[in-house]
Every structure is written in structure tokens, then in C-alpha cells.
Amino acid sequence: MQRGTFQLMKSVNKSIILNKIRTCEPISRAQIAKETELTPPTVSSIVKELLEQGMVYEQKKATSMGGRRPTMLYINKTAYYLVGVDAGPETMNAIVTDLGGTILGRISYVLNTPITEASFLDVMKQSINEVVRLANVKMEEIMGIGVAMHGVVEVATGKSLYAPNLKLTDIPIKEALEQEFCVTVKVENDARAMALGEAWFGGHGDLGSMVTVNLGRGVGAGIVTDGKLFHGAKDIAGEIGHMTIDINGEICECGNHGCLQTFATGPAIVRRAQRKLAERGAEHSFKLTAESVFELAKAGNTLYVDVLEETGFAIGIGLTNVIHIVNPEKIVLGGGVMKSEEFLLPIIKKTVNNNALTEGAKNTEVKVTKLGKDATVLGAVALLLVEIFDSVLG
Ligand SMILES: [Zn+2]
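Residues numbered from 1 in each chain as written. Predicted model: local features only at pLDDT ≥ 70, side-chain atom pairs only at ≥ 80, totals over all residues. Heavy atoms only, no water.

1. Quick word on the sheet that holds strand β14 (residues 330-334)
- Read from one edge of the open sheet, 5 strands run β13-β12-β11-β14-β15, paired in mixed fashion. Looking at the sheet topology across the chains shown, the edges are occupied by β13 (228-229) and β15 (365-368).
- Pairing of strand β11 (residues 209-215) with strand β12 (residues 219-225), which is carried by 7 bridges, proceeds in the antiparallel orientation. Within β12, the residue paired with Ser 209 across the bridge is Thr 225.
- In this fold helix α7 (residues 190-201) packs onto β11, β12, β13 and β14, with an angle of close to 45 degrees to the strand it touches most, β12.
- Each of β14 and β15 touches helix α12 (residues 341-355); the most contacted strand, β15, lies at about 170 degrees to it. (Pairing = 2+ DSSP bridges. Helix = DSSP H or I, 4+ residues; strand = E, 2+ residues; numbered from the N terminus. Contact = heavy atoms within 4.5 Å. Axes fitted to C-alpha atoms, helices over the stretch in contact; angles between N-to-C directions.)

Printed below as a string of C-alpha cells:
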């Protein structure tokens, strides 16, 4: 089961039927035909193929009424397995899941910097080999590898164009992994992968549109519409970290003034706290971190409460802009900064409510992710699930 599997899936009708079974199982052939408007013979012959490939299985339904028991179809979740990799900047995390996203094994390596391209790829290959071994599955049963890579990624070629924290450029991830493992490889920016992971595994149901924002050392975001990532014309859609919040504000690493990133990252929170302390002529004897700002705020120190509330206000302004451009059904927030949820979320919601244009926009649901750290690595797996279950490529 190598590259060819994806080719086999690449029939529109097959994708429609497979997706129908995935979302509605258990389901009968007759129901599939009725709900997809495909003819019963078409459904029968495609289901036969799927049964032969082992992607689905059938079982007679138990009925208490007696009479003929209909044969129901189910996705065979353990027919194949998938590998997801969350690559950098500090660690390399890899998981193996079944087709339902259940994690069967995981591993994490620390990335020692400075690192060369060759050793970065070596750690990646080693983590994949090791996690497959730990999950107790055979490499032949792996259907594909999804990689969530920090930094700028060229999706079509699966290349990491620029990984700022590792100081590496033009890493041919897809090429290297396909050569090594002979399976389909998908590479995506980590914030976007996280958004996809949230959409597939976050328990949000069948949402038409969702924006996920990761607030950590940087600000990344992903826009998911109808279960797929939205990239925009030149792959820049969702770069909300560099949305201007204050045209006279602090200079960002991108060279512009007052980007959301200059307000809403862990380091930005620390800088603002230090500035406030300096204004008061006060100083801290220990090294201030975003965590300690949160702890000090929790202890009732108003200077730190103010810092977090200002952060929440800036995030709220940014999200209001997002709502006015994308108008998503839901916004999900994640990342280390959201550990300060109790201070941030109320003011974020209040700001959206005060600033959004219409009643509907004001009430856009804003939540904190429940997936935690796994959202990104599960998103790497979801890059493949989108292909398997939703591929409509000819
Ligand atoms: Zn910027």
C-alpha cells in the first residue's frame, strides 16, 4: 500500500461515498444512493472496490423486529495508519494514528541548535521510524506522512522555504521523506496544520468556516472552510500575526509598526511588563517570563493584570478585523499565551462585542482549544485525511 493508494482514492464518486460512510456510519448501500443521488449500481460497484481495498467493512444490522436485516457499511479505521510530524522549532514530535485519528504511538526529540539541514532531516526520519516501531505497525501499513513545519512552507512542493528559529532555508522535506519511505507526504505550515487539526478533531461538528489562532512565541493562524485549508492566491491567507493594530506602534520583526505580534506573543507580554516596571522605577530580581506575568497577575498584582488585559484588548481588536474579513462561524484560540485564558478571554470577548459591526458578528463564538498541544500534530495527520476522504482531484 504505497503511493498508489491515493491514486485509487482519486475518483470523485469514490470520495463522495467514502466520505458519506465516514460521516454517517453505519449506513446501507441504499441510503448512500439516496443521499448522494448516485445510482444504486454505481454505489454497489464502488463499495465493492472499497471492500476489496479493505477501506470499509460490512456487518448485518441487528433488528428486534425480525425480518430482513440490512447490511451496514463502516470505515475500517485500522486498515491503514498515518504518521503526523510536528517539526520544530524546539522539538520534533511524531505520532502514528489510525484512520479515525486515534493515537497509537508518540515520540518527541529535542532539536539541538544550531542544526544543519541534513541533521534536521535525519532527526525527522529517525522520529518517523521510531514512532512506527513504538506503535507496533508495519511500515507497509503506513498510508502517508503529514508534516507540520514551523515557518514559511511552499505547500505544492512540500518545501520549507524559511524556518526562522532554526535558521534554515529551502529544506526539501517532501522530497526527502518520499525518497526514504515511498509514501505520500504532505507538508504544511504549523499554524495552518493546527487549524486543520482543530477542524477535524476539535469536536466542532460540521462547521462551514473556522479560524484558529495560535498565540505563542509568534502568532499564526489558519482559515478552514468546508473542512479544507484556505491558502489564498499567493499562500499568505491567515497571516494575522502581521495585521497592523497600531500604525505608530512598536517595530515588528517584519519591519512594520504595531503588528498583532508586537502585542500578543509571550515575549511581547514580557516586554510590556518590563516597560511598565521601568516606568515605575521598579525592577524584578528574577527573570520575567510570560508564565510569571500570569502567576503575578493571579496573585493580584495589578500591574500584571493590566498587561494581560491590554494583551486581551489587542487580540480582541485583531479578531474583530478577522471577523470583518472572513466572518467565520467560530474562532478557536490556542498556544502558550492562552494559558492566561482567565485574564485574556473575557476582555477578548468584550472587545469583539464592542467593536464588531452587527449583532451576528458581535456574537461570533470565541473559544480556547481543548486539543492542547496535540492540535498541531493531529493537524499533520489531517493533511492526509483530507486527501483520503475528500479528494476530488481527477
Ligand atoms: Zn509584523
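2. Some words on the coordination of the zinc ion
- Around the zinc ion, the protein contributes the donor atoms His 242 (ND1), Cys 252 (SG), Cys 254 (SG) and Cys 259 (SG), at 2.0 to 2.3 Å from the metal centre.
- What the 4 donor atoms of the zinc ion show is an angle range of 104 to 123 degrees at the metal, which sorts the shape as tetrahedral.
- Look at Cys 254 and you get partly exposed, because its relative accessible area is 37%.
- Cys 259 gets classed as buried once you look at its relative accessible area, which sits at 0%. (Donors = N, O, S within 2.8 Å, 3.2 Å for Na, K, Ca; no water. Tetrahedral: all angles 85-135°; square planar, octahedral: opposite > 155°, others 65-115°. Buried < 20%, exposed > 50% of the residue type's maximum accessible area, 1.4 Å probe, protein only.)

3. Some words on the pattern of salt bridges
- Tallied over the entire structure, the rule returns 17 salt bridges.
- Across the pair Glu 130 and Arg 133 runs a salt bridge, and its minimum N-O distance is 2.7 Å. With a gap of 3 residues between them, Glu 130 and Arg 133 both fall in helix α5 (residues 117-134), about one helical turn apart.
- A residue is classified by how much of its surface remains accessible, and Arg 133, at 54% relative accessible area, is exposed.
- Where Glu 387 meets Lys 186, a salt bridge forms, and the shortest distance between an N and an O atom there is 3.5 Å. (Salt bridge = Lys/Arg side-chain N within 4 Å of Asp/Glu carboxyl O.)

4. Some thoughts on the domain arrangement of the chain
- Split into domains, the chain comes out as domain 1 (4-75), domain 2 (81-198 + 375-390) and domain 3 (206-369).
- Using C-alpha coordinates to define each centre, domain 1 is positioned 44 Å away from domain 3. (Domains from an automatic or database assignment.)

5. So, helix α9 (residues 266-279)
- For α9, built from 14 residues, the straight-helix expectation of 20 Å at 1.5 Å per residue is met to within 8% by its first-to-last C-alpha distance of 20 Å.
- Burial in α9 covers these residues: Gly 266, Ala 268, Ile 269, Val 270, Arg 272, Ala 273, Lys 276 and Leu 277.
- On its buried side, α9 packs onto α8 (261-264), α10 (290-298) and α11 (302-326).
- The N-capping residue of α9, defined by a side-chain oxygen 3.1 Å from the backbone nitrogen of Ala 268, is Thr 265.
- At the exit of α9 stands Gly 281, carrying a positive phi of roughly 70 degrees. (Expected span 1.5 Å × (residues − 1). Polar contact = N/O pair within 3.5 Å; in protein donor to acceptor, adjacent residues only side chain to side chain.)

6. Topic: the packing of aromatic side chains
- On inspection of all chains with the given rule, the structure shows 2 aromatic pairs.
- Aromatic pair Tyr 57 and Tyr 74: ring centres 5.1 Å apart, planes at 10 degrees, arrangement stacked. Placement of Tyr 57 in strand β1 (residues 56-60) and of Tyr 74 in strand β2 (residues 71-75) is noted, with a sequence separation of 17 residues between them.
- Here Phe 294 and Phe 343 contribute two aromatic rings whose centre-to-centre distance is 6.0 Å and whose plane-to-plane angle is 80 degrees, an arrangement assigned as edge-to-face. Pair noted here: Phe 294 is in helix α10 and Phe 343 is in helix α12, with a separation of 49 residues, a long-range link.
- Overall, the relative accessible area of 11% leaves Phe 294 in the buried class.
- In this structure, Arg 22 is placed above the aromatic ring of Phe 389, and the distance from its NZ or CZ to the ring centre is 5.4 Å. (Phe/Tyr/Trp six-rings, centres within 6.5 Å; stacked < 30°, edge-to-face > 60°. Lys NZ or Arg CZ within 6 Å of the ring centre and 35° of its normal.)

7. Examining the nonpolar core
- Counting residues in hydrophobic clusters, the biggest one holds 42 residues, and the most contacted among them are Val 213, Leu 215, Tyr 304, Leu 319 and Leu 333.
- Mapped onto this core, the elements with two or more residues apiece are β11, β12, α9, α10, α11, β14, α12 and β15.
- With 9 residues, the single largest contributor to this core is α11.
- Contact partners of Leu 319, with chain neighbours within four places excluded, come to Val 213, Ile 331, Leu 333, Ile 348, Val 352 and Val 366.
- In this structure, Ile 32, Val 47, Ile 75 and Ile 388 belong to the second largest nonpolar core, which totals 36 residues. (Core = buried A, V, L, I, M, F, W, Y, C linked by side-chain atoms within 4.5 Å.)

8. Overview of the environment of Met 210
- Topologically, Met 210 is positioned in strand β11.
- In this structure the C-alpha to C-alpha distance between Met 210 and Val 183, which are 27 residues apart in sequence, comes to 30 Å.
- Not counting residues within four places of it along the chain, the set of residues in contact with Met 210 comprises Ala 195, Glu 198, Ala 199, His 204, Gly 222, Ile 223, Val 224, Pro 328, Lys 330 and Val 332.

9. Describing a negative patch on the surface
- A contiguous patch of negative charge on the surface is contributed by Glu 117, Glu 154, Asp 170 and Asp 235.
- Here Glu 117 lies in helix α5.
- In this structure Glu 117 comes out as partly exposed when scored by relative accessible area, which is 31%. (Patch = residues over 30% accessible without salt bridge, like charges linked within 9 Å, V, L, I, M, F, W, Y side chains within 5 Å. Areas by Shrake-Rupley, 256 points an atom, 1.4 Å probe, with all protein chains shown as cover. Lys, Arg positive; Asp, Glu negative; His and termini not counted. Charge placed at Lys NZ, Arg CZ, Asp CG, Glu CD.)

10. Some thoughts on the environment of Val 224
- Within the secondary structure, Val 224 is located in strand β12.
- It is 19 Å that separates the C-alpha atoms of Val 224 and Gly 100, two residues lying 124 residues apart in sequence.
- In this structure Val 224 touches Ala 195, Leu 196, Ala 199, Gly 208, Ser 209, Met 210 and Leu 229, once residues within four positions along its chain are discounted.

11. Some remarks on the confidence of the model for the chain
- Here the chain averages 91 in pLDDT, and 95% of its residues register 70 or above.
- Of all secondary-structure elements in the chain, the lowest mean pLDDT belongs to helix α1 (residues 4-9), at 51, while α12 reaches the highest, 98. (pLDDT = per-residue confidence, 0-100.)

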